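# Chain and residue survey
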Amino acid sequence: MAQDPRREWLENAIARWEKPILHLCFAYLGDAALAEDAVQETFFKAWKHYDRFRGEADEKTWLTRIAVNQCKDQLKSSWFRNTDRSVSPDSLPEGAVPFEERDDTVTRAVMSLPPRLKEVTLLRWYQGMNLEEIAKVLRAPRSTVNYRLKKAKTMLKGELEEWYDEE
């Protein structure tokens, strides 16, 4: 008995793209559980709308667009806006492995960018997408993507100047 082509496609897509999309969603949302939910919803929507995929963009770009939109929807949800998700380090249980503090200055700087600048930064340098791919994911002109990347670089350079000088 032949396997359903959508199911076969979904299994292959998950095998190829689950980790990069999970990393993107985590960077976007800052919460592992929410990122996992976003990834599941991304693949569910892709499977549900598989017949709409016209191949105008490659599979990675299409799935990334779905994931970014899913993350944006989660960020707009009333639950996300009205829930205090911060946790005091003092309230966490003692870990089984000793905690080593890492320098997360760059990550914090990227995450503090305005949303439109953060998303192009994550797609460009975290996902390794080029301008054309980012423009397709965001459905924005290439010139807009280029402008946002330049603005993000300028903001990050100003914010990280002291950190860089200390290295």
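Up top is the structure these notes are about.
Let us look at the structure shown here.

Criteria and cut-off values
- Residues numbered from 1 in each chain as written.
- Predicted model: local features only at pLDDT ≥ 70, side-chain atom pairs only at ≥ 80, totals over all residues.
- Heavy atoms only, no water.
- Helix = DSSP H or I, 4+ residues; strand = E, 2+ residues; numbered from the N terminus.
- Buried < 20%, exposed > 50% of the residue type's maximum accessible area, 1.4 Å probe, protein only.
- Lys, Arg positive; Asp, Glu negative; His and termini not counted.
- Salt bridge = Lys/Arg side-chain N within 4 Å of Asp/Glu carboxyl O.
- Contact = heavy atoms within 4.5 Å.
- Core = buried A, V, L, I, M, F, W, Y, C linked by side-chain atoms within 4.5 Å.
- Phe/Tyr/Trp six-rings, centres within 6.5 Å; stacked < 30°, edge-to-face > 60°.
- Lys NZ or Arg CZ within 6 Å of the ring centre and 35° of its normal.

It is worth spelling out the side chain of K118 at this point. When you line up the elements, K118 lands in helix α6 (residues 115–126). Here K118 occupies a buried position and makes no salt bridge, while the nearest side chain of opposite charge, E119, is found at 8.7 Å. Setting aside chain neighbours within four positions, we find K118 in contact with Y28, V110, M111 and L113.

Here we take up the environment of G128. For G128, the location among the structural elements is in the loop between α6 and α7 (131–138). G128 sits in the partly exposed class, given a relative accessible area of 49%. Leaving out residues up to four positions away in the same chain, G128 has contacts with L123 and E133.

By size, the foremost hydrophobic cluster in this structure holds 41 residues, and its most contacted members are I21, C25, F43, L63, L123, L138 and V145. If you list the elements that add at least two residues to this core, you get α1 (5–29), α2 (32–48), α3 (59–76), α5 (105–111), α6, α7 and α8 (142–166). Looking at which element gives the most residues to this core, the answer is α1, with ten residues.

Below, the discussion takes up α6. Among the residues of α6, L117, K118, E119, V120, T121, L122 and L123 are the ones counted as buried. Residue G128 follows α6 closely and has a positive phi angle near 70 degrees.

Under the criterion given, the structure shown has three aromatic pairs. Judged by centre distance (5.0 Å) and plane angle (40 degrees), the ring pair of W9 and Y50 falls under tilted. Taken together, the residues span a long stretch of sequence, with W9 in helix α1 and Y50 in the loop between α2 and α3 at a distance of 41 residues. On the accessibility criterion, W9 (11% relative accessible area) is buried. With centroids separated by 6.4 Å and ring planes inclined at 35 degrees, the aromatic side chains of F44 and W47 adopt a geometry described as tilted. Taken together, the residues F44 and W47, both in helix α2 and three residues apart, mark about one turn of the helix. Under the relative-accessibility criterion, F44 is labelled partly exposed at 42%. Take W47: its relative accessible area is 29%, and that puts it in the partly exposed class. One aromatic cluster is present, formed by W9, Y50 and W62 through successive ring pairs. Between the NZ or CZ atom of K118 and the centre of the ring of Y28, over which it lies, the distance is 5.8 Å.

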